[in-house]
Structures are given as C-alpha cells and as structure tokens.
Amino acid sequence: MNLPAGKFTNGLIIANVVIFLVLLIFGWQQEALLRGGLFPIRLSGEALDLTAYGWLVPAWLTPLSAAFLHAGLLHLSMNMLMLLFCGRYVEQALGPALMAILYGVGAYAAAIAQYAVDTTSMVPMIGASGAVSAILGAYALLFARNRVDAVGPIPSHVVRILWLALAWIGIQLMIGVATSGDLQGIAIFAHIGGFVAGLVLTRPLLEWRFRSA
C-alpha cells in the first residue's frame, strides 16, 4: 500500500531543502558549517577560535543544527530520499510526535557515538544521516519479515534487535574502509549510533503510543 509522507516527514524534508537552497544561493555554506556544525572537541568543553564568524550555536544544540546542514546536493538527496521512503511508514506507526522524538534522540545518539570515537576531533560533522539512521532502524525493526526465534533466555524481539544492529555495524564498517581506508571519510559511527537508537526506542515508543491512545 502506498502511503503519503506524514506531516513531520514532509516538514523535515521541506526544512532541509529550504535551508540547503538558502545557504547555497547566498553563499553561506561555509559559515553555516562553522557556526552550526558538530565539532566533537566543542562537546568536550574546549573552545574553538571561530570568533571571526560571530555567534555560534551552543555546543549542546549542534547535534540538531548539524542535522540540517549538508555538504552538497548528493548528500542532501540521499538523506531526504531515505527519509521519504522510510519515514512515512515509521510515522504512520508512531505518529508525528513520537516520530519527532525518535528523530531528535537519533541525532543526539549519532553525535554521542561519533564523539566517543574521537573526543578531540576538530573536523565538523554535518548532515541528517545520523538522525535518519534512527528512522531506518525503526523501519527495519517494524517491517522486517523474517522470523527470529528466541535464543535461550533472550526473547525473540531482543534477538532481532541484536541481529539488525550487528548487520548495520558490519555494513557501516565496510563502507568506512571502502571509502577511506581509515574509517574517517564518513561519520559511520554516527550512523551506527542513530540506527541502534532507532532499534532500542521503537518498541517503547509503540507501547507508549498505544497505551496513551
């Protein structure tokens, strides 16, 4: 069944596209990256000498601001296509409010995972892929069709989460090696953090929605 994208999914896509176009048209991409990108070293409490650019987004908000910044049209398109394809189904299952929570937590989980790998990195991380990975995790968990059995005392739904997490981690590590050889070319750990957050949060959010209905 073809489902229209939900309100939150639509809003996210429109916001990302508008922000990208405005920054592109006015030539503000570099300034936006420095002001609103996620610098792991800033999360460590270290100051960066970016005074030439005036105000900066507070470090604790950069996981969200960075999720609305993209390095180019291909970067934006890939994230928005995945959000459009998976987000409409996840939003139908969770509703727009819980979808927003999942997306926001995914952005922060992605930031924490990337920060944990290199707490002193001065390379900014931008893009919605970490938050979108949380939506992909929820989609994989909600719509996976293969049967998974319990393993000893571990219930089947936990086994499914573990298998999906391991598969995603394996894919991301292979992508990282293939693209850079040193796992630094793509924020693969942000993808892993977001995806795992989606896997972990989906069941509690579903229970919350239907308990509140």
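Residues numbered from 1 in each chain as written. Predicted model: local features only at pLDDT ≥ 70, side-chain atom pairs only at ≥ 80, totals over all residues. Heavy atoms only, no water.

*Asks:* Hey, could you run me through the layout of surface pockets in this one?
*Replies:* One way to see where empty space is left: roll a probe the size of a water molecule over the atoms. Quantified by volume, the largest pocket comes out at close to 790 Å³. Surrounding the largest pocket, 37 residues form its lining, His75, Ser129, Ile186, Ala187 and His191 being those nearest its centre. Listed by contribution, the elements that provide at least two residues to the lining of the largest pocket are helix 5 (73-94), helix 6 (96-117), helix 7 (129-143), helix 8 (156-180) and helix 9 (188-212). Per-element accounting of the lining of the largest pocket gives the leading share, 6 residues, to helix 7. Residues that form the lining of the largest pocket fall into these classes: 24 nonpolar, 12 polar and 1 charged. (1 Å grid on protein atoms, 1.4 Å probe; cavity = no way out; pocket = protein on both sides within 12 Å on 5 of 7 lines; lining within 4 Å. Points joined across faces, edges and corners; volume = space filled by probe spheres on them. Helix = DSSP H or I, 4+ residues; strand = E, 2+ residues; numbered from the N terminus. Nonpolar A, V, L, I, M, F, W, Y, C, P; charged D, E, K, R; others polar.)

*Asks:* Quick question: what am I supposed to make of helix 7 here?
*Replies:* Along its 15 residues, helix 7 runs 20 Å from first to last C-alpha, staying within 8% of the 21 Å computed at 1.5 Å per residue. The buried fraction of helix 7 is high, at 12 of 15 residues. By the burial criterion, the buried members of helix 7 are Ser129, Gly130, Ala131, Val132, Ser133, Ala134, Ile135, Leu136, Gly137, Ala138, Ala140 and Leu141. (Expected span 1.5 Å × (residues − 1). Buried < 20%, exposed > 50% of the residue type's maximum accessible area, 1.4 Å probe, protein only.)

*Asks:* Explain the packing of helix 6 against helix 7 to me, please; I cannot follow it from the model alone.
*Replies:* In a packed pair of helices, the relevant descriptors are the angle between the two axes and the axis-to-axis distance. As a packed pair, helix 6 and helix 7 sit with axes 7 Å apart at the nearest point and diverge in direction by 125 degrees. What the angle tells us is that helix 6 and helix 7 run oblique. Judged by the sense of rotation from one axis to the other, the crossing of helix 6 with helix 7 is right-handed. Across from Met99, Leu102, Tyr103, Gly106, Ala107 and Ala110 in helix 6, the residues of helix 7 making contact are Gly130, Ala131, Val132, Ala134, Ile135 and Ala138. Across the contact of helix 6 with helix 7, the residue classes break down as 10 nonpolar, 2 polar and no charged. (Axes fitted to C-alpha atoms, helices over the stretch in contact; angles between N-to-C directions. Parallel < 35°, antiparallel > 145°, perpendicular 65-115°, else oblique. Left-handed = near helix turned anticlockwise from the far one by under 90°. Contact = heavy atoms within 4.5 Å.)

*Asks:* Is there a simple way to think about the packing of aromatic side chains in this case?
*Replies:* What describes a pair of aromatic rings is the distance from one ring centre to the other and the angle between the planes of the rings. A complete count under the given rule lists 7 aromatic pairs for this structure. Ring centres of Tyr89 and Phe143 lie 5.9 Å apart, and the angle between their planes is 70 degrees; this geometry places the pair in the edge-to-face category. Residue Tyr89 is found in helix 5, and its partner Phe143 is found in helix 7; the two are separated by 54 residues along the sequence. Connected via pairs of aromatic rings, a cluster forms that spans Phe85, Tyr89, Tyr139 and Phe143. In this arrangement the basic side chain of Arg209 is found over the ring face of Phe210, its NZ or CZ atom lying 5.8 Å from the centre. (Phe/Tyr/Trp six-rings, centres within 6.5 Å; stacked < 30°, edge-to-face > 60°. Lys NZ or Arg CZ within 6 Å of the ring centre and 35° of its normal.)

*Asks:* Hey, could you run me through helix 5 in this one?
*Replies:* Because the α-helix completes a turn every 3.6 residues, residues three or four places apart line up on one side. The terminal C-alpha atoms of helix 5, which comprises 22 residues, lie 29 Å apart, in line with the 32 Å expected from a rise of 1.5 Å per residue. Gly95, located one to two residues past helix 5, shows a positive phi value of around 90 degrees.

*Asks:* Could you clarify how one ought to interpret the side chain of Thr62 in this entry?
*Replies:* Structurally, the position occupied by Thr62 is in helix 4 (residues 62-65). Look at Thr62 and you get buried, because its relative accessible area is 2%.

*Asks:* It is not clear to me how a nonpolar patch on the surface should be interpreted in this structure. Could you clarify?
*Replies:* Taken together, Ile14, Val18, Leu21, Val22, Leu24, Ile25, Phe26 and Trp28 make up a surface patch of nonpolar side chains, about 770 Å² in accessible area. Summarising the element assignment, Val18 is placed in helix 1 (residues 7-26). (Patch = residues over 30% accessible without salt bridge, like charges linked within 9 Å, V, L, I, M, F, W, Y side chains within 5 Å. Areas by Shrake-Rupley, 256 points an atom, 1.4 Å probe, with all protein chains shown as cover. Salt bridge = Lys/Arg side-chain N within 4 Å of Asp/Glu carboxyl O.)

*Asks:* What should I look at first to understand the side chain of Ser121 in this one?
*Replies:* Mapped onto the elements, Ser121 comes out in the loop between helix 6 and helix 7. In this structure, Ser121 is in contact with Phe39, Pro40 and Ile41, ignoring residues within four places of it in sequence.

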